[in-house]
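Listed here are the chains, written in short residue letters.
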Amino acid sequence: MTPVSDAVSLTKYPLLNLDTPSGQALVERCRESLGATGACELAGFVTPEALGELVRESTVLEKEAFFNAVVGNAYLDTPSADLPPNHVRRLTEPTRLGAVAYDQFPRASLMRRLYEWEPLKAFIGKVIGIEKIYHYGDPLGALNLSVMGDGDYLRWHFDQTDFVSSLMVRNADEGGHFEYVPQIRNRTDENYDKVEAVLKGDLSSVVHLANAPGSLVLFMGRYSLHRVTPIRGKTSRLIGLFGFDTQPGVVSSDHLRKIRYGRTHVLQPK
């Protein structure tokens, strides 16, 4: 079993020495990237050997994924009945993808141990400027393996949390590109006209994120509209989604659990 400290490229990303000049420089680079583009990609975050292990275990786990197809808006909510029929919040798209929940990961799996690794949590906290962050409290949603196969698509949307961290495991044969519009809205301005233009096909402001296998990505998704383009081919797109929050014990609603995992109850831990 690969120790977590051996799985991470610590020479390139000194997570165990964040108070050193090289560690501080890494944090500052990530902060600057998040501030400028809303995203920070740490290419080659895990070693090639660790990536191989992640591919092997994820290929087994993807067989347990729950797939669901839903239609919804970019805001992941039900629009108010008071809104006019042509309002941007009434624009909908289909989404279809699969998810493996946190409680389906064996405790010895490398993905789970990476997610639960305290130095990673401490690093992310420093990057986003919140020293005390917590692993997401939901026993299903804290860690997910997102599985997208031929024909699957993740629609344009905003996240309901300030930041998301992910670890790319494997790209699809074709498609599956992560696209986003950096900071298209903010706390005081929804910028509906610009959002509507993107949803209707204006891609002039869209940024493509490389998201190569083995990369750790930090993304500020509450204010940056984003999607994953349709998948084509026999090879599924596999990515680990790491959940953190600024408050302890935060959990998903039963409604969201049902949509995402097909259940609300927690399985017995492996």
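Above this note sits the structure.
All of these numbers come straight from a predicted model, not from anything done at the bench. Each chain has its residues counted from 1, running along the sequence as written. Per-residue local features of the predicted model are confined to residues with pLDDT of at least 70, and side-chain atom pairs are confined, for both listing and counting, to 80 or more; whole-chain, interface and lining totals are unaffected and use all residues. In computing side-chain properties, one takes all heavy atoms of the structure into account and sets aside hydrogens as well as water.

Working definition: helices are DSSP H or I runs of at least four residues, strands are E runs of at least two. Numbering for both runs from the N terminus. Turning to its location among the elements, Ser 166 is positioned in strand 7 (residues 164–170). Since its relative accessible area comes to 9%, Ser 166 is described here as buried. Residue contacts are defined here by distance: any two heavy atoms, one from each residue, within 4.5 Å place the two residues in contact. Once residues within four sequence positions are removed from consideration, Ser 166 is found in contact with Ser 215, Leu 216, Val 217, Ile 239, Gly 240 and Leu 241. Three exposure classes are used, based on accessible area relative to the maximum for each residue type with a 1.4 Å probe and protein chains only: buried under 20%, partly exposed in between, and exposed over 50%.

Moving on to the nonpolar core. Ranked by internal contacts, the top residues of the largest apolar core, which has 45 residues, are Leu 42, Phe 45, Leu 114, Leu 120, Phe 123 and Phe 242. Ignoring sequence-local partners within four residues, the contact set of Leu 42 consists of Tyr 13, Leu 26, Cys 30, Phe 123, Gly 214, Ser 215 and Leu 216. In this structure, Tyr 153, Trp 156, Ile 184 and Leu 225 belong to the second largest nonpolar core, which totals 12 residues. Joining through side-chain atoms within 4.5 Å is the link that ties buried Ala, Val, Leu, Ile, Met, Phe, Trp, Tyr and Cys residues into a set, and such a set is a nonpolar core.

This brings us to the packing of aromatic side chains. The description of an aromatic ring pair uses the distance of the two centres, along with the angle that the planes make with each other. Each aromatic pair joins two rings of Phe, Tyr and Trp (for Trp, the six-membered one) with centres within 6.5 Å, and gets the label stacked for planes under 30 degrees apart, edge-to-face for over 60, and tilted for any other angle. Enumeration over the complete set of coordinates arrives at nine aromatic pairs. Measuring from centroid to centroid gives 5.1 Å for Phe 178 and Phe 219, while their planes differ by 90 degrees, and the two rings are edge-to-face. With Phe 178 in strand 9 (residues 178–181) and Phe 219 in strand 11 (residues 216–219), the pair connects residues that are 41 residues apart, well separated along the chain. Taken individually, Phe 178 and Phe 219 each receive the classification buried, so the pair is uniform in this respect. Measuring from ring centre to ring centre gives 5.2 Å for Tyr 180 and Phe 219, while their planes differ by 85 degrees; the resulting arrangement is edge-to-face. Of this pair, Tyr 180 sits in strand 9 while Phe 219 sits in strand 11, placing them 39 residues apart in sequence. For the pair formed by Tyr 180 and Phe 219, the shared burial category is buried. Each residue in the set Tyr 102, Tyr 115, Phe 242 and Phe 244 is aromatic and connected to the rest through ring pairs, giving one cluster. The ring of Phe 158 carries Arg 185 above its face, with NZ or CZ at 3.9 Å from the centroid. In this analysis the charged atom, NZ for Lys or CZ for Arg, is taken to sit over a ring once it is within 6 Å of the ring centre and within 35 degrees of the ring normal.

Turning our eyes to something else, we now look at helix 2 (residues 21–37). The span you would expect from a helix comes to 1.5 Å times its residue count less one. End to end, helix 2 covers 24 Å across 17 residues, agreeing with the expected 24 Å (1.5 Å per residue, within 8%). By the burial criterion, the buried members of helix 2 are Gly 23, Leu 26, Val 27, Cys 30 and Leu 34. The buried residues of helix 2 occupy an angular sector of 95 degrees when projected down its axis, which confines them to one face. Structural note: helix 2 exposes Pro 21, Gly 35 and Ala 36 on the side pointing more than 90 degrees away from its buried face. Next to the buried residues of helix 2 lie strand 1 (39–42), helix 5 (118–128) and strand 11. Of the residues flanking the end of helix 2, it is Gly 38, one or two places downstream, whose phi is positive at about 80 degrees. Working note: the arc is built from the helix axis to C-beta atom directions.

Looking now at the side chain of Arg 257. On the secondary structure map, Arg 257 appears in helix 7 (residues 254–261). On the accessibility criterion, Arg 257 (10% relative accessible area) is buried. Pairs of N or O atoms within 3.5 Å make up the polar contacts considered here, provided that, within protein, one atom can donate a hydrogen while the other can accept it, and that residues adjacent in sequence are counted only when both atoms are side-chain atoms. Of the polar contacts made by the side chain of Arg 257, one reaches the side chain of Asp 138; its length is 2.9 Å. Arg 257 has contacts with Asp 138, Pro 139, Leu 140, Val 251, Ser 252, Gly 262, Arg 263 and Thr 264, leaving out every residue within four places of it along the chain.

What follows concerns the pattern of salt bridges. A carboxyl oxygen of Asp or Glu within 4 Å of a side-chain nitrogen of Lys or Arg is what we treat as a salt bridge. In this structure the tally under the stated criterion is 13 salt bridges. The salt bridge partner of Arg 112 is Glu 116, with a shortest N-O separation of 2.9 Å. Here the residue Arg 112 and the residue Glu 116 both occupy positions in helix 4 (residues 110–116), the gap between them amounting to four residues, near one helical turn. Since its relative accessible area comes to 31%, Glu 116 is described here as partly exposed.

Turning next to the state of the cysteines. Cysteine sulfur pairs qualify as disulfides if the two atoms are within 2.5 Å. Under the definition given, this model contains zero disulfides. Residue Cys 30 stays outside any disulfide, its sulfur separated by 3.2 Å from that of Cys 40, the closest cysteine. Looking at Cys 40, the relative accessible area reads 6%, which means it is buried.

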